[in-house]
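# Examination of the molecular architecture
Listed below are the residues making up each chain.
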Amino acid sequence: MSPLDREPPPVGEEIHLPGGSLQPVAVTVGITLALLGVTISFLFVIVGSVITVIAIARWIAHARHEMSELPLEHH
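Here the structure is a predicted model, which means the values were calculated and not measured. (Residues numbered from 1 in each chain as written. Predicted model: local features only at pLDDT ≥ 70, side-chain atom pairs only at ≥ 80, totals over all residues. Heavy atoms only, no water.)

## Some remarks on helix α1 (residues 23-39)
Between its first and last C-alpha atoms α1 spans 25 Å; for 17 residues at 1.5 Å apiece the expected length is 24 Å, and the two agree. Where α1 is concerned, the buried positions are Gln23, Val27, Gly30, Leu33, Ala34 and Gly37. One side of α1 carries all its buried residues, which in axial view fall inside an arc of 130°. Opposite the buried face of α1, at more than 90 degrees from it, the exposed residues are Leu35 and Thr39. Where α1 is buried, its residues touch α2 (42-68). (Helix = DSSP H or I, 4+ residues; strand = E, 2+ residues; numbered from the N terminus. Expected span 1.5 Å × (residues − 1). Buried < 20%, exposed > 50% of the residue type's maximum accessible area, 1.4 Å probe, protein only. Arc of directions from axis to C-beta. Contact = heavy atoms within 4.5 Å.)

## Topic: the environment of Leu33
Structurally, the position occupied by Leu33 is in helix α1. Put simply, Leu33 and Gly48 are 15 residues apart on the chain and 4.7 Å apart in space, counted from C-alpha to C-alpha. Among all residues touching Leu33, those that are not within four sequence positions of it are Phe44, Val45, Val47, Gly48 and Ile51.

If you want it as structure tokens, here you go:
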């Protein structure tokens, strides 16, 4: 069954929306530092890459945690 074939939730059922997060900002900063490091210093590449990898890992962990808290019929 494709997502387009599903019926909308019944009236009054809560719709889950993820909360705000700073992980996208951290990923953006990390990628920007890494790209700047290509022209400035290799140290920037390393620092930017580390920030990016850590932010992506935390973002995925947070999303997995949120998904595990949803009711089973929403998985």
